[in-house]
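The lines below spell out each chain.
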Amino acid sequence: MLLQMPLFVRFGIAIDTAAEWRWLALLAAALWPTWWWMGQRMLDGSDDPLGLLALAALAGLLWQHRQHLRAAPRLGLQATALMGVLLTTALHHQLPDLAVALTGLLSLAAGLLAFLPARVAVAPVLGLSVLSLPLLASLQFYAGFPLRVVTAEISRWLLSLAHTVERSGSSLVVDGQLIIVDAPCSGVQMAWLGYFSACVMALAVGRSNRSFLLRLPLVGSLVLLCNVLRNTVLVALQATGQYLPGWSHDAVGLVALAAVCAGIAWVMIWERKAS
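Criteria and thresholds
Residues numbered from 1 in each chain as written. Predicted model: local features only at pLDDT ≥ 70, side-chain atom pairs only at ≥ 80, totals over all residues. Heavy atoms only, no water. Helix = DSSP H or I, 4+ residues; strand = E, 2+ residues; numbered from the N terminus. Buried < 20%, exposed > 50% of the residue type's maximum accessible area, 1.4 Å probe, protein only. Contact = heavy atoms within 4.5 Å. Areas by Shrake-Rupley, 256 points an atom, 1.4 Å probe, with all protein chains shown as cover. Lys, Arg positive; Asp, Glu negative; His and termini not counted. Charge placed at Lys NZ, Arg CZ, Asp CG, Glu CD. UniProt positions renumbered as here; feature names shortened; annotations may be inferred. Pairing = 2+ DSSP bridges. Polar contact = N/O pair within 3.5 Å; in protein donor to acceptor, adjacent residues only side chain to side chain. Axes fitted to C-alpha atoms, helices over the stretch in contact; angles between N-to-C directions. Patch = residues over 30% accessible without salt bridge, like charges linked within 9 Å, V, L, I, M, F, W, Y side chains within 5 Å. Salt bridge = Lys/Arg side-chain N within 4 Å of Asp/Glu carboxyl O.

> Just checking my understanding: could you explain the overall build of the protein for this structure?
Within the protein, the regular secondary structure consists of 11 helices and three strands. Element order for the protein, N to C, with α for helix and β for strand: α-α-α-α-α-α-α-α-β-β-β-α-α-α. Sorting the 275 residues of the protein into buried and exposed places 41% on the buried side. The long-range fraction of contacts in the protein, counting pairs at least 24 apart against all pairs at least 6 apart in sequence, stands at 74%. On the protein, roughly 15200 Å² of surface is accessible, and the fraction owed to carbon and sulfur atoms is 70%. Here the protein contributes 16 positive and 12 negative side-chain charges, whose respective centroids are spaced 15 Å apart.

> Explanation requested: the UniProt feature "transmembrane region" (unreviewed entry) in the protein in the structure shown.
The positions that UniProt labels "transmembrane region" (unreviewed entry) are, in the present scheme, residues 21-38, 98-116, 123-143, 190-206, 218-239 and 251-270. Counted over residues 21-38, helix gives 94% and strand 0%. Its end C-alpha atoms are 23 Å apart. With 100% helix and 0% strand, residues 251-270 has end C-alpha atoms that lie 28 Å from one another.

> Which parts of the structure should I look at to understand the pairing of strand β3 (residues 177-180)?
Here strand β2 (residues 171-174) pairs with β3 via four bridges, running antiparallel. Looking at the pairing, V174 lines up with Q177 of β3.

> Please clarify how the environment of Q140 should be interpreted in this entry.
As for its placement among the helices and strands, Q140 is situated in helix α8 (residues 136-159). Here the alpha-carbon distance between Q140 and M42, two residues 98 residues apart in the chain, equals 15 Å. Within the structure, the side chain of Q140 is placed 2.8 Å from the side chain of S186, a separation counted as a polar contact.

> Teacher, can you tell me more about the sheet that holds β3 here?
Through backbone hydrogen bonds, the strands of a sheet pair up, either in parallel or in antiparallel fashion. Read across the open sheet, the three strands follow the order β1-β2-β3; overall the sheet is antiparallel. Each edge of the open sheet is held by one strand with a lone partner, namely β1 (165-168) and β3. The sheet shows a mean angle of 25 degrees between the axes of neighbouring strands, taken without regard to direction. Of the strands in this sheet, β1 and β2 touch α8, which is tilted by about 170 degrees from β1.

> Hey, could you run me through a nonpolar patch on the surface in this one?
On the surface, a cluster of nonpolar side chains totalling about 390 Å² of accessible area is made up of W157, L158, L225 and L229. Mapping L158 onto the fold places it in helix α8. For L158, a relative accessible area of 37% translates into the label partly exposed.

> Would you mind going over the pattern of salt bridges with me for this structure?
Side chains carrying opposite charge are able to pair once their charged atoms draw close together. One pass over the full model with this rule turns up two salt bridges. Between R156 and E153 there is a salt bridge, and its shortest N-O distance comes to 2.8 Å. With a gap of three residues between them, R156 and E153 both fall in helix α8, about one helical turn apart. Relative accessible area serves as the criterion here: at 24%, R156 is assigned to the partly exposed category. Residue E153 is joined to R167 by a salt bridge in which the shortest nitrogen-to-oxygen separation is 2.6 Å. Of the two residues, E153 sits in helix α8 while R167 sits in strand β1, which places them 14 residues apart along the sequence. Residue R167 is classed as partly exposed on the basis of its relative accessible area of 33%.

> Would you mind going over the environment of L108 with me for this structure?
Along the chain, L108 falls in helix α6 (residues 97-115). Spatially, the C-alpha atoms of L108 and A81 are 6.3 Å apart, while their sequence positions differ by 27 residues.

Below you can see the structure in the form of structure tokens.
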């Protein structure tokens, strides 16, 4: 019956032929409560603004494929995006803000994927949308201590080759000197940057979903290994009893981070070179 109504038919044609940027702009505008909350979370100092890097990467991906966007969106993804936005609105103030924002950003990712070429893998785009969240403080709160204990324990194994070492919680007693493995040594930020690098590299080299997902355990292993080595070096230097300037901690951290990013880049491209 509706198809007999010219106004409805014209409306349907206008919807179907609307430019992709209009759809994406409307989708982003509908998520304004999420942007507002994320902006407040970043500006009040309660979380690091690293999520902006992930949002910039998604914007860069859209710009890279701007000449190859689909004229007609993939309907399944488009419907998922629209339902996700409705769900985000309905859940506002009903669930924790982080969970609502996660729903909203996954909806945005589905909207992007609806227009991006099919060769763009879904998994790294979803990964970047998750990394856009201001979640580092939450990760530090829930996973920081267990990661520090794991890091301290593996560091104890390595340090015991040259020192007398005991572990108590996340602290180490090296040759009678108490050294605390503090929050920055949990590796949460390094893990964020590692997975961010993995998503960006996977999109840059055109990894498939399966190929990308199979490499994620190697990414996690590299992050853990480099964080343990960083902590071991810092604890060993501290154990000498000499004063260490603040820049030495930063320098060791930057070297470890560079090693992680280089290793992850290699993990993401090595098979491509071999083929």
